[in-house]
Amino acid sequence: MEKGKVKREKGKEPEKEKIQQKEERNKKKVEKEKIKEKEKGKEEKIKEKNGKEKTGKGKEEKIKEKNGKEKTGKGEEEKIKAKEKGKEEKIKEKENGKEEKSKRNEDEKRQERETEKEKEQFKEKEKDNSTLIKIPLEPLEKNKQILVLGLDGAGKTSILHFLALNRVQRSVAPTQGFNAVCISTEDRQMEFLEIGGSEPFRSYWEMYLSRGLLLVFVVDSADHKRLPEAKKYLHQLIGTNPVLPLVVFANKQDLEAAYHITDIHEALALSEVGNDRKMFLFGTQVTEDGSEIPSIIQDARDLIAHLAADMSDQA
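Source: prediction; values computed, not measured.

*Asks:* Could you clarify how one ought to interpret unusual backbone geometry in this entry?
*Replies:* Across residues other than glycine, the phi torsion is negative in most instances, and most of the peptide bonds are trans. In the Ramachandran plot, K252 falls in the positive-phi region, its phi being about 65° despite a non-glycine side chain. Within the element layout of this structure, K252 appears in the loop between strand 5 (246-251) and helix 5 (261-267). Here K252 falls in the buried class, since its relative accessible area comes to 18%.

Below, the structure is given as structure tokens:
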């Protein structure tokens, strides 16, 4: 009987083991599922994280795209503004150009009117002659004249009073036309002719130069800017006659800004007037009305009379 029990108990043991193995398998299965769930949860978290990152990147890209569009929009706006500004500037330039052109036209018309007025005044001067004229304006065929020329404002009329009338008389207004005077010496007459130095009258200089005994050319020593212009006209005049004597007066030496006569000699390039020509340079100044004639003017007057006599004898 006991043996039978033992056998039965032994038979029960395998069943127990089976149950235990089954339970272990179930536990392992449960553990595996738990591990899978954990891994799945991790994967989902990773995916969720990646999704968030992608979403973040997407947002960033959208923001960048938006900013790019905004920049593009701003760039286009700036281009449009620049274009409009350019158009406005062009319109302003055209308007300014029209205004300048209108001003130029007005200036040209005014200059033409002034020139015409000066010409009319010149013609009137020719008809009635100026206060100094004591001879007909047109030189006599046999008579030669001492021409007194130079730019306007140089002091030609004052020099003419010095030389011809032997007195000091300052002139304020520029000569508009001609000033002429004839003086008598012991054995002959001398005709002095001053022609205005402003632009309309310079064309007459060469016309009378062909009848000149000698040329007296007056410059303003203190007007530095106009010395090149004076030089140009002087060399044009003497270029037409290679032997005509030349007497240059560097006038207004009393002014503070006046060039010394050596500087005037250089500024007018008097060393280039030619070796065959008699040339003299005097420094003069404007003195008060009624004062005594400066000695240098008296010397210049005697020299001019001597030169004129020589040229008359040669003629």
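Alright, that's what it looks like, and here's the rest.
*Asks:* Can you walk me through the environment of A257 in this structure?
*Replies:* Here A257 shows up in the loop between strand 5 and helix 5. For the pair A257 and H224, spaced 33 residues apart in sequence, the C-alpha to C-alpha distance is 8.5 Å. Contact partners of A257, with chain neighbours within four places excluded, come to S221, A222 and H224.

*Asks:* I'm lost on the pairing of strand 2 (residues 178-184) in this one. Help?
*Replies:* The two faces of a sheet get side chains in turn, since along a regular strand they alternate between them. Across the seven residues that make up strand 2, a large majority, six, are buried. Relative to strand 3 (residues 189-195), strand 2 is paired through seven bridges, and the arrangement is antiparallel. Paired with C182 across the two strands is E191, which belongs to strand 3.

*Asks:* Before we go on, may I ask you to explain the pairing of strand 5 in this structure?
*Replies:* By the criterion of burial, strand 5 is predominantly enclosed, with six of the six residues buried. Of the two faces of strand 5, the one lined by L246, V248 and A250 and the one lined by V247, F249 and N251 are each fully buried. As paired elements, strand 4 (residues 212-220) and strand 5 share six bridges and run parallel to each other. Following the sheet pairing, V216 is matched in strand 5 by V247.

*Asks:* Hey, could you run me through the packing of aromatic side chains in this one?
*Replies:* Ring pairs (aromatic) are described by centroid distance and by the angle formed between their planes. On inspection of all chains with the given rule, the structure shows four aromatic pairs. Note on F178 and Y204: the rings are 6.4 Å apart at their centroids and 80° apart in plane angle, and the pair reads as edge-to-face. Separated by 26 residues along the polypeptide, F178 in strand 2 and Y204 in the loop between strand 3 and helix 3 (205-209) bring together distant segments of the chain. The exposure class of Y204 is partly exposed, given its relative accessible area of 23%. Relative to F282, the ring of F249 has its centre 5.7 Å away and its plane inclined at 25°; by these criteria the two rings are stacked. Of this pair, F249 sits in strand 5 while F282 sits in strand 6 (residues 279-283), placing them 33 residues apart in sequence. Each of the two residues, F249 as well as F282, counts as buried. Aromatic rings pair up to connect F178, Y204 and Y208 into one cluster.

*Asks:* Would you explain the side chain of K252 in this entry?
*Replies:* Within the local environment of K252, its side chain forms a polar contact with the backbone oxygen of G153, the two atoms lying 2.7 Å apart. Within polar-contact distance, the side chain of K252 engages the side chain of D220 at 3.2 Å.

*Asks:* I tried to follow the pattern of salt bridges on my own but got confused; where do I start?
*Replies:* Between side chains of opposite charge, pairing is possible as soon as their charged atoms come close. Following the criterion strictly, the structure yields seven salt bridges and no others. Across the pair R202 and E199 runs a salt bridge whose closest N-O atoms are separated by 3.0 Å. Classification of R202 as buried rests on a relative accessible area of 8%. With its nearest N and O atoms 3.0 Å apart, the salt bridge here joins R202 to E229.

*Asks:* What should I look at first to understand the sheet that holds strand 4 in this one?
*Replies:* Paired through backbone hydrogen bonds, the strands of a sheet run either parallel or antiparallel to each other. The strand order 2-3-1-4-5-6 describes an open sheet built from six strands, whose pairing is mixed. Looking at the sheet topology across the chains shown, the edges are occupied by strand 2 and strand 6. The mean angle between the axes of side-by-side strands here comes to 20°, regardless of whether they run parallel or antiparallel. Strands strand 1 (145-149), strand 4 and strand 5 of the sheet are contacted by helix 4 (residues 227-239), whose axis makes an angle of about 175° with strand 4.

*Asks:* For this particular structure, what's the right way to read the confidence of the model for the protein?
*Replies:* Any region with low pLDDT has predicted coordinates that should not be read closely. Looking at the protein as a whole, its pLDDT mean stands at 76, while 67% of the residues score no less than 70. Per-element confidence in the protein is highest for strand 5, whose mean pLDDT is 96, and lowest for helix 1 (residues 2-128), whose mean pLDDT is 68.

What counts and what doesn't
- Residues numbered from 1 in each chain as written.
- Predicted model: local features only at pLDDT ≥ 70, side-chain atom pairs only at ≥ 80, totals over all residues.
- Heavy atoms only, no water.
- Helix = DSSP H or I, 4+ residues; strand = E, 2+ residues; numbered from the N terminus.
- Buried < 20%, exposed > 50% of the residue type's maximum accessible area, 1.4 Å probe, protein only.
- Contact = heavy atoms within 4.5 Å.
- Pairing = 2+ DSSP bridges.
- Phe/Tyr/Trp six-rings, centres within 6.5 Å; stacked < 30°, edge-to-face > 60°.
- Polar contact = N/O pair within 3.5 Å; in protein donor to acceptor, adjacent residues only side chain to side chain.
- Salt bridge = Lys/Arg side-chain N within 4 Å of Asp/Glu carboxyl O.
- Axes fitted to C-alpha atoms, helices over the stretch in contact; angles between N-to-C directions.
- pLDDT = per-residue confidence, 0-100.

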